[in-house]
Amino acid sequence: MISLSPQAALWFLVPVAVVSFVAAFNDLKRMKLPNAVVLALAAIYVVMGPFLLPFDQYLWGFAHAAVMYVVALFAYAYLGVGAGDGKFAVAMSMFIPFSDVGAVLTLFAAFLLGAFVAHRIARAIPAIRRATPDWVSWEHKKFPMGLALTGTMVTYLALAVVIRAL
C-alpha cells in the first residue's frame, strides 16, 4: 500500500522525473551522479514539500534523509556503493513516507535486477555501443546504480498517483 497522496505525487512527478533522468544519463555516460543533480532533487522536496505534504510528514522527510545518510555512508565504506548513488538515495528518501519503505525496497530490488540485465544486454549490442561510444558505463566494472534508483523513484511516484487515485 502506498500512503503518499496522489496530489503530492502528481506535483512531484514531473520535476523529479526530469532530475532523475538526468541522473541516470550521467551515470550511464560518466559513472557519476553530480552533486548538482542530487541538490536539485533535494531542492524539489524542500521547496515544494511544505505546499504538498502535511507539515509533520514534511519534517519527517528530513529525518529519513538523516537515517539514509548513515546507511549510505555504510554502503559506501563497506559495500562498494558509489558516493553519488548514496547521496541520490538520501535525497530520494525525503519523498518516501516510512509506511512506504517496504514497497519502495521491493521496487528497488526489481529495478536493480531489471536495470542490470538491460544494461548488460545493451552493452553487448554493437549498434548501441557505436551510438554511445563515449559512455564509461560500458567498460566499467561497476554497475550504474543511478539507472535503478531513477526507475524506483519515478515508478514510486507514478504508482502513488495511479493506485491512490483509484
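Residues numbered from 1 in each chain as written. Predicted model: local features only at pLDDT ≥ 70, side-chain atom pairs only at ≥ 80, totals over all residues. Heavy atoms only, no water.

Undergrad: Any chance you could explain the overall build of the protein chain here in plain terms?
TA: On a plain count of helices and strands, the protein chain comes out with 7 helices and 0 strands. Each helix (α) and strand (β) of the protein chain, taken in turn from the N terminus, gives the series α-α-α-α-α-α-α. A compact globule built from 166 residues would reach a C-alpha radius of gyration of about 15 Å, and the protein chain, at 16 Å, matches this within 12%. For the C-alpha atoms alone, the extent of the protein chain along its principal axes is close to 50 × 35 × 25 Å. (Helix = DSSP H or I, 4+ residues; strand = E, 2+ residues; numbered from the N terminus. Rg over C-alpha atoms; globule rule 2.2 N^0.38 Å.)

Undergrad: Honestly, the packing of helix H2 (residues 35–52) against helix H4 (residues 83–93) in this entry has me stumped. Any pointers?
TA: When two helices pack together, their arrangement is captured by the angle between the axes and the distance separating the axes. At a closest axis distance of 8 Å, the pairing of H2 and H4 adopts a crossing angle of 10 degrees. Here H2 is positioned roughly parallel relative to H4, judged by the angle of their axes. Contacts between H2 and H4 pair Asn 35, Val 37, Val 38, Leu 41 and Ala 42 from the former with Gly 84, Lys 87, Phe 88, Ala 91 and Met 92 from the latter. When the residues that make up the contact of H2 with H4 are grouped by side-chain class, the tally is 7 nonpolar, 2 polar and 1 charged. (Axes fitted to C-alpha atoms, helices over the stretch in contact; angles between N-to-C directions. Parallel < 35°, antiparallel > 145°, perpendicular 65-115°, else oblique. Contact = heavy atoms within 4.5 Å. Nonpolar A, V, L, I, M, F, W, Y, C, P; charged D, E, K, R; others polar.)

Undergrad: Hey, could you run me through the packing of helix H3 (residues 55–79) against H4 in this one?
TA: Running from N to C, H3 and H4 cross one another at 160 degrees; their axes reach a closest spacing of 8 Å. Classified by the angle their axes make, H3 and H4 are roughly antiparallel. Here the hand of the crossing between H3 and H4 comes out right-handed. Taken together, the residues of H4 that come into contact with H3 (itself represented by His 64, Ala 65, Met 68, Tyr 69, Ala 72 and Tyr 76) are Ala 83, Gly 86, Ala 89, Val 90 and Ser 93. Residue composition of the contact of H3 with H4, grouped by class: 8 nonpolar, 3 polar and no charged. (Left-handed = near helix turned anticlockwise from the far one by under 90°.)

Undergrad: Any chance you could explain the pattern of salt bridges here in plain terms?
TA: Side chains that differ in sign of charge can pair as their charged atoms come close. Counted under the stated rule, the structure contains 2 salt bridges. The residue Asp 134 makes a salt bridge to Lys 29 at a minimum N-O spacing of 2.3 Å. Of the two residues, Asp 134 is situated in the loop between helix H6 (126–131) and helix H7 (146–165) and Lys 29 in helix H1 (residues 6–30); the sequence distance between them amounts to 105 residues. Here Lys 29 falls in the partly exposed class, since its relative accessible area comes to 24%. Between Arg 129 and Glu 139 there is a salt bridge, and its shortest N-O distance comes to 2.2 Å. Here Arg 129, found in helix H6, pairs with Glu 139, found in the loop between H6 and H7; they are 10 residues apart in sequence, far enough to count as distant. Take Arg 129: its relative accessible area is 26%, and that puts it in the partly exposed class. Look at Glu 139 and you get exposed, because its relative accessible area is 59%. (Salt bridge = Lys/Arg side-chain N within 4 Å of Asp/Glu carboxyl O. Buried < 20%, exposed > 50% of the residue type's maximum accessible area, 1.4 Å probe, protein only.)

Undergrad: Sorry if this is basic, but what is going on with the confidence of the model for the protein chain here?
TA: Interpretation of this model should avoid reading the predicted coordinates in detail wherever pLDDT is low. Scored by pLDDT, the protein chain has a mean of 96; 99% of the residues are at 70 or more. When mean pLDDT is taken per element in the protein chain, H2 scores highest with 98 and H7 scores lowest with 93. (pLDDT = per-residue confidence, 0-100.)

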